[in-house]
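In case you want the letters, here they are:
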Amino acid sequence: MSDKRKDYINWDEYFMGVAKLSGLRSKDPNTQVGCCIVSQDNKILSMGYNGLPKGCSDDEFPWVREGEDPLKTKYVYTVHSELNAILNFRGGSLEGAKLYVSLFPCNECAKAIIQSGIKEVIYDCNKYDGSTAVQASMRMFDAAGVAYHQYKRSNRKIEIEL
Ligand SMILES: Nc1ccn([C@H]2C[C@H](O)[C@@H](COP(=O)(O)O)O2)c(=O)n1
Ligand SMILES: [Zn+2]
């Protein structure tokens, strides 16, 4: 009989956990998104979270959602977690990779996901389901043969002492 540990986390818990941990780096006060890109043989290739581009100070650029002037909102400046994860990749190709993300990808990230060769998206929350951006993403994923499905939560709680 094996005396192997039994309560280790499974692959999906591991990669979604890493995605959510990355999201904790986000400075966005409303929505923190994390992403983890994984090879077909379960090696982590890249990670990302939503934030500002290099050189754009977290303390000087706006984090608000609304305003008469779009230039005073976060939307025109933030790089989404999925795009950051794709851009952070330092290897050769993401062809055939899987992408774990805590929030369903928007249409702009969907374009980058498709063009980089990622073939599967596993998302946790879809709080903007039905929005134009999400509908467009689904349409493009369907057309391009990118599979997507919601992560099945195990509801396991993990405490990490830092
Ligand atoms: N799949 C996504 C969707 C959104 N984001 C980022 C962009 C913003 O920083 C934030 C959304 O803000 P909200 O409108 O909910 O206040 O999340 C992303 O990184 N990936
Ligand atoms: Zn996006």
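Computed from a predicted structure; not experimentally measured.

Caption draft 1: Representation of the overall build of the chain in the model. In terms of regular secondary structure, the chain is built from 4 helices and 5 strands. Secondary structure elements of the chain occur, N-terminal to C-terminal, as α-β-β-α-β-α-β-α-β. Computed over its C-alpha atoms, the radius of gyration of the chain comes to 17 Å, within 12% of the 15 Å expected for a compact globule of 162 residues. Referenced to the eigenvectors of the C-alpha coordinate spread, the extents of the chain come out at roughly 65 × 40 × 35 Å. Per-residue burial for the chain yields a buried fraction of 40% across its 162 residues.

Caption draft 2: View of a nonpolar patch on the surface. Together, I9, W11, Y14, L21, L24, I44, M47, I158, I160 and L162 line one region of the surface with nonpolar side chains, adding up to about 1,100 Å² of accessible area. The set of elements that each furnish at least two residues to the nonpolar patch consists of α1 (11-23) and β2 (44-49). Per element, the largest residue contribution to the nonpolar patch is 3 residues, and it comes from α1. Of note, L21 is situated in helix α1.

Caption draft 3: Geometry of the packing of helix α2 (residues 81-88) against helix α3 (residues 107-116). At their nearest, the axes of α2 and α3 sit 9 Å apart, and the two run at 30° to each other. As summarised for this structure, α2 and α3 are arranged roughly parallel, according to the angle between their axes. Along this stretch, α2 crosses α3, giving a crossing that reads as left-handed. Only C109, A112, I113 and S116 of α3 make contact with α2, whose side of the interface consists of E82, L83 and I86. The class makeup of the residues in the contact of α2 with α3 is 5 nonpolar, 1 polar and 1 charged.

Caption draft 4: Expanded view of unusual backbone geometry. Look at N42: it is not a glycine, yet its phi comes out positive at around 65°. Position of N42 relative to the elements: it lies in the loop between β1 (34-38) and β2.

Caption draft 5: Here's a closer look at the pairing of β2. In this sheet, β2 lies alongside β1 in antiparallel orientation, the contact comprising 5 bridges. In the sheet register, C35 faces β2, and the bridge partner there is G48. Counted between consecutive antiparallel strands, the loop separating β1 from β2 contains 5 residues, among which N42 sits at a positive phi close to 65°.

Caption draft 6: Spotlight on the site of ligand 1. Around ligand 1, 18 residues are found, and the nearest of them are T31, K74, Y75, E82 and Y128. Between ligand 1 and the protein, one listed contact pairs a nitrogen atom with a side-chain N or O atom of E82 at 2.6 Å. Expressed as a share of its isolated accessible area of 470 Å², the protein-covered part of ligand 1 is 95%. Given that more than half its atoms are within 2 Å of the pocket grid, ligand 1 belongs to the second largest pocket. Classifying every residue of the shell around ligand 1 gives 7 nonpolar, 6 polar and 5 charged.

Caption draft 7: Here's a closer look at the coordination of the zinc ion (ligand 2). Around the zinc ion (ligand 2), the protein contributes the donor atoms H80 (ND1), C106 (SG) and C109 (SG), at 2.0 to 2.3 Å from the metal centre. All donors to the zinc ion (ligand 2) come from one chain, and their sequence spacing reads H-x25-C-x2-C. Under the relative-accessibility criterion, C106 is labelled buried at 14%. Judged by its relative accessible area of 3%, C109 is buried.

About the thresholds
- Residues numbered from 1 in each chain as written.
- Chains lettered and ligands numbered in written order.
- Predicted model: local features only at pLDDT ≥ 70, side-chain atom pairs only at ≥ 80, totals over all residues.
- Heavy atoms only, no water.
- Helix = DSSP H or I, 4+ residues; strand = E, 2+ residues; numbered from the N terminus.
- Rg over C-alpha atoms; globule rule 2.2 N^0.38 Å.
- Buried < 20%, exposed > 50% of the residue type's maximum accessible area, 1.4 Å probe, protein only.
- Patch = residues over 30% accessible without salt bridge, like charges linked within 9 Å, V, L, I, M, F, W, Y side chains within 5 Å.
- Areas by Shrake-Rupley, 256 points an atom, 1.4 Å probe, with all protein chains shown as cover.
- Salt bridge = Lys/Arg side-chain N within 4 Å of Asp/Glu carboxyl O.
- Axes fitted to C-alpha atoms, helices over the stretch in contact; angles between N-to-C directions.
- Parallel < 35°, antiparallel > 145°, perpendicular 65-115°, else oblique.
- Left-handed = near helix turned anticlockwise from the far one by under 90°.
- Contact = heavy atoms within 4.5 Å.
- Nonpolar A, V, L, I, M, F, W, Y, C, P; charged D, E, K, R; others polar.
- Pairing = 2+ DSSP bridges.
- Near = heavy atom within 4 Å.
- Polar contact = N/O pair within 3.5 Å; in protein donor to acceptor, adjacent residues only side chain to side chain.
- 1 Å grid on protein atoms, 1.4 Å probe; cavity = no way out; pocket = protein on both sides within 12 Å on 5 of 7 lines; lining within 4 Å.
- Sits in = over half its atoms within 2 Å of the grid points.
- Donors = N, O, S within 2.8 Å, 3.2 Å for Na, K, Ca; no water.

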